[in-house]
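Observations on the model geometry
Here is how the chains run, residue by residue.
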Amino acid sequence: MASDVKTLEDLGTAMPGAVAAAEPEAPREPVRDALGRSYATGKRKDAVARVWIRPGNGRVTVNGREMDAYFARPVLQMILRQPFQVAGVVDQFDVMATVKGGGLSGQAGAVKHGISKALQIYEPSLRGALKAAGFLTRDARVVERKKYGKRKARRSFQFSKR
């Protein structure tokens with residue numbers, strides 16, 4: 001450099017565009033519709049869930065049915081409750097979700113992803129806890145495709161020596 005820069009002010013005068021980029025961004029704003037709901041889309045395997053959350057008493061409705069009726073297995077119900085437990089807002093939000101595609105396990109994961117995203121949109125202060133738990137990251141693992149000359153994705157036909 002031709003001139004010696006000793007302080008941050010000198011750096012700001014030497015490169016005005018660099019200081020603007022270093023300023024902290026504004027805090028996130030909550031996004032809510034006219035009915036006080038937040039919306040998010042969750043995905044897992046082949047399942048896609050559209051999720052709306054609003055303040056309530058913890059009622060979860062999936063495809064027009066209660067969570068206990070739609071996801072009969074306790075493990076799937078536990079998966080849906082995880083975002084609320086991590087964020088510390090158990091029984092404070094009502095959830096209305098529609099989910100299509102995949103099986104029950106993938107659908108539960110998609111609704112969990114949608115609930116997590118909707119919670120952080122509704123209340124941005126919950127983002128840190130949800131992100132640390134890994135609930136805002138879409139699980140990209142999907143079924144591997146079948147290859148020609150194979151019985152399944154990797155399983156070969158039985159080898160016969162004679």
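Here's what I pulled together on the structure shown here. (Residues numbered from 1 in each chain as written. Predicted model: local features only at pLDDT ≥ 70, side-chain atom pairs only at ≥ 80, totals over all residues. Heavy atoms only, no water.)

In the contact formed by helix α4 (residues 74–87) and helix α5 (residues 104–122), the axes pass within 9 Å of each other and the chain directions differ by 10°. Viewed along their axes, α4 and α5 adopt a mutual orientation that is roughly parallel. Contacts from Leu76, Ile79, Leu80, Gln82, Pro83 and Phe84 of α4 reach α5 at Leu104, Ser105, Ala108, Gly109, Val111, Lys112, Ile115, Ser116 and Leu119. By residue class, the composition of the contact of α4 with α5 is 10 nonpolar, four polar and one charged. (Axes fitted to C-alpha atoms, helices over the stretch in contact; angles between N-to-C directions. Helix = DSSP H or I, 4+ residues; strand = E, 2+ residues; numbered from the N terminus. Parallel < 35°, antiparallel > 145°, perpendicular 65-115°, else oblique. Contact = heavy atoms within 4.5 Å. Nonpolar A, V, L, I, M, F, W, Y, C, P; charged D, E, K, R; others polar.)

With respect to the helices, strands and loops of the structure, Asn63 is situated in the loop between β3 (60–62) and β4 (65–66). Taking the C-alpha atoms as reference points, Asn63 and Ala97, 34 residues apart in sequence, are found 6.2 Å from one another. Once you skip the residues sitting within four places of it in the chain, Asn63 turns out to touch Tyr70, Ala97, Thr98 and Val99. A distance of 2.8 Å separates a polar atom in the side chain of Asn63 from the backbone nitrogen of Val99. (Polar contact = N/O pair within 3.5 Å; in protein donor to acceptor, adjacent residues only side chain to side chain.)

This next bit is on the pattern of salt bridges. Per the counting criterion, the structure on display carries seven salt bridges. Measuring nitrogen to oxygen at the nearest pair gives 2.8 Å for the salt bridge that ties Asp139 to Arg141. What makes Arg141 exposed here is its relative accessible area of 58%. With a shortest N-O distance of 3.1 Å, Arg154 and Glu144 are connected by a salt bridge. Here Arg154 is found in the segment after α6 (127–132), whereas its partner Glu144 is found in the segment after α6, with 10 residues between them in sequence. Residue Arg154 is classed as exposed on the basis of its relative accessible area, which comes to 63%. (Salt bridge = Lys/Arg side-chain N within 4 Å of Asp/Glu carboxyl O. Buried < 20%, exposed > 50% of the residue type's maximum accessible area, 1.4 Å probe, protein only.)

Its boundaries defined by the atoms lining it, the largest pocket holds a volume of some 230 Å³. In this structure, the largest pocket is lined by Lys43, Arg44, Ile79, Ser105, Gly109, Lys112, His113, Gly134, Phe135, Thr137 and Asp139. For the lining of the largest pocket, the elements supplying multiple residues, two or more each, are β1 (38–44) and α5. Ranked by residue count, the leading element in the lining of the largest pocket is α5, at four residues. Looking at the lining of the largest pocket, its residues break down into two nonpolar, five polar and four charged. Taken as a whole, the second largest pocket holds about 160 Å³ of empty space. If you trace the second largest pocket, you find it lined by Arg37, Trp52, Ile53, Arg54, Asn57, Arg59, Thr61, Asp94, Val95 and Met96. Those elements that provide at least two residues to the lining of the second largest pocket are β2 (47–55) and β5 (93–100). Partitioned by chemical class, the residues of the lining of the second largest pocket number four nonpolar, two polar and four charged. (1 Å grid on protein atoms, 1.4 Å probe; cavity = no way out; pocket = protein on both sides within 12 Å on 5 of 7 lines; lining within 4 Å. Points joined across faces, edges and corners; volume = space filled by probe spheres on them.)

All we've got here are geometric facts, nothing functional implied.
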